[in-house]
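# Observations on the model geometry
Chain by chain, the residues run as shown.
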Amino acid sequence: MSFTKNKAVDYIREVATTTQAISTSIQARDFKKPDAYSIRYSGFKRGSFNPDAILEYAAKKDFYTIEEDLTKANMSEKLYKWILFSMEAKKTKGRLILLVPKTKEFQFTNLLNWKQIEAEVVGI
């Protein structure tokens, strides 16, 4: 079975149900959309990113992002996004979770470790 965004959203829904999240925001039909987060350097807006999902618990928020591929062309934008979400998750005592194709799990984990970005990679 191949990786699809719907499969990743189903995984997030299952996690929200089994962990009893008090608030669930998912970039999917029938759900409240997560708020956008901006990253700024020296007063200039660098970019605005929306997580694919945020699961809120009593004392923390977990940020989810669905990543299908990683290329040199989109790598810097993805790194900015992951740094931003990792920092936002850390502020709320949560974590950043990347949902990726099982075949690319090592590639994403290796890059996150190399760039020292705190995130968990889940291959689907």
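Here the structure is a predicted model, which means the values were calculated and not measured. Per chain, the residues get numbers from 1 upward, laid out in the order the sequence is written. This being a predicted model, a pLDDT of at least 70 is required before a residue's local features are given, and a value of 80 or more before pairs of side-chain atoms are given or counted; all residues contribute to the totals for chains, interfaces and linings. Just so you know, side-chain values use all the structure's heavy atoms and leave hydrogens and water out.

Next up on the list: the overall build of the protein chain. Secondary structure elements follow DSSP: runs of H or I of four or more residues count as helices, runs of E of two or more count as strands, with numbering from the N terminus. On a plain count of helices and strands, the protein chain comes out with 3 helices and 7 strands. The linear arrangement of helices and strands in the protein chain, starting from the amino end, is α-β-β-β-β-β-α-β-α-β. The globule rule used for comparison is 2.2 Å times the number of residues to the exponent 0.38, while the radius of gyration itself is calculated over C-alpha atoms. Its C-alpha atoms give the protein chain a radius of gyration of 14 Å, near enough to 14 Å, the size a compact globule of 124 residues would have. Seen along its three principal axes, the alpha-carbon backbone of the protein chain occupies a region of about 40 × 35 × 25 Å. Contacts between residues were defined by any pair of non-hydrogen atoms, one from each residue, lying within 4.5 Å. Considering only contacts in the protein chain between residues 6 or more positions apart, those separated by 24 or more positions represent 55%. Computed with the Shrake-Rupley method and a 1.4 Å probe, the accessible areas treat only the protein chains shown as cover for residues. Accessible surface for the protein chain amounts to roughly 7600 Å². Of this, 49% is attributable to carbon and sulfur atoms. Both charge centroids of the protein chain, one from 21 positive and one from 15 negative side chains, sit 4 Å from each other. Here the positive residues are Lys and Arg and the negative ones are Asp and Glu; neither His nor the chain ends is included. Charge positions come from single atoms, namely NZ of Lys, CZ of Arg, CG of Asp or CD of Glu.

Residue count minus one, scaled by 1.5 Å, sets the expected span of a helix. Taking 1.5 Å of rise per residue, 15 residues should cover 21 Å, and helix 1 (residues 5–19) covers 21 Å from first to last C-alpha, within 8% of that figure. By the burial criterion, the buried members of helix 1 are A8, V9, I12, V15 and A16. The arc enclosing the buried residues of helix 1, seen along the axis, measures out at 115°, which places them on a common side. Away from its buried face, by an angle of more than 90 degrees, helix 1 presents the exposed residues N6, E14, T17 and T18. Where helix 1 is buried, its residues meet strand 1 (23–26), strand 4 (53–56), strand 5 (61–66) and strand 6 (96–100). Looking at the residues trailing helix 1, positive phi occurs at Q20, about 55°. The buried label goes to any residue with under 20% of its type's maximum accessible area, the exposed label to any with over 50%, and the partly exposed label to all in between, with areas taken from a 1.4 Å probe on protein chains only. This arc is taken over the directions from the axis of the helix to the C-beta atoms.

None of this, on its own, says anything about what the molecule does.
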